[in-house]
Amino acid sequence: MAPRRHGTHRSLTLARSPVRFTVSFHIIFPSISIGLASYSRARGSLAATGAQCSRLFNYWKKIFAVAFGMGVVSGIVMSYQFGTNWSVFSDKAGPVIGPLMGYEVLSASSSRRASSGSCCSG
């Protein structure tokens, strides 16, 4: 085994830091937006029953929009980081990671479409 140079570990840690940051935040935003999609759908159907429900629906609609937008932005950055920073890993693990990332995009966009009927009309 070849001896490790002193700066290799530090360089590797610095190179991995942006990916860690992006993946950490990307996990949060799609989870919130997928959960809020069903909540806003239920809240939207109750919005016709009173002013309080309508105000709550409009409040959560804005949070959903921000979470969805941040999930899209962080997902695009994450996929580019996988392609540029982790190209060998993406080449080897692509058959596993590709369908998972595709499923995440599909579930996020279908949850957005499911709630957009009530979300955009309020």
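Look up a bit, the structure's there.
Residues numbered from 1 in each chain as written. Predicted model: local features only at pLDDT ≥ 70, side-chain atom pairs only at ≥ 80, totals over all residues. Heavy atoms only, no water.

1. A look at the overall build of the protein
Phase 1 of the analysis: For the protein, the helix and strand inventory stands at three helices and zero strands.
Phase 2 of the analysis: Within the protein, buried positions represent 25% of all 122 residues.
Phase 3 of the analysis: Residue pairs in contact within the protein that sit at least 24 positions apart in sequence constitute 73% of those at least 6 positions apart.
Phase 4 of the analysis: Here the protein has roughly 8,300 Å² of accessible surface; of this, 69% comes from carbon and sulfur atoms. (Helix = DSSP H or I, 4+ residues; strand = E, 2+ residues; numbered from the N terminus. Buried < 20%, exposed > 50% of the residue type's maximum accessible area, 1.4 Å probe, protein only. Contact = heavy atoms within 4.5 Å. Areas by Shrake-Rupley, 256 points an atom, 1.4 Å probe, with all protein chains shown as cover.)

2. Things to note about the packing of aromatic side chains
Phase 1 of the analysis: Inspection of the entire model under this criterion finds five aromatic pairs.
Phase 2 of the analysis: Look at Phe21 and Phe25: their rings are 4.8 Å apart centre to centre, the planes differ by 55 degrees, and that puts the pair in the tilted class. Of the two residues, Phe21 and Phe25 are both situated in helix H1 (residues 6-46); the distance of four residues between them amounts to about one turn of the helix.
Phase 3 of the analysis: Ring pairs connect the aromatic residues Phe21, Phe25 and Phe29, which therefore count as one cluster. (Phe/Tyr/Trp six-rings, centres within 6.5 Å; stacked < 30°, edge-to-face > 60°.)

3. A short note on the environment of Ile34
Phase 1 of the analysis: Relative to the assigned elements, Ile34 resides in helix H1.
Phase 2 of the analysis: For Ile34, a relative accessible area of 35% gives the class partly exposed.

Any link to function would need more than the numbers given here.
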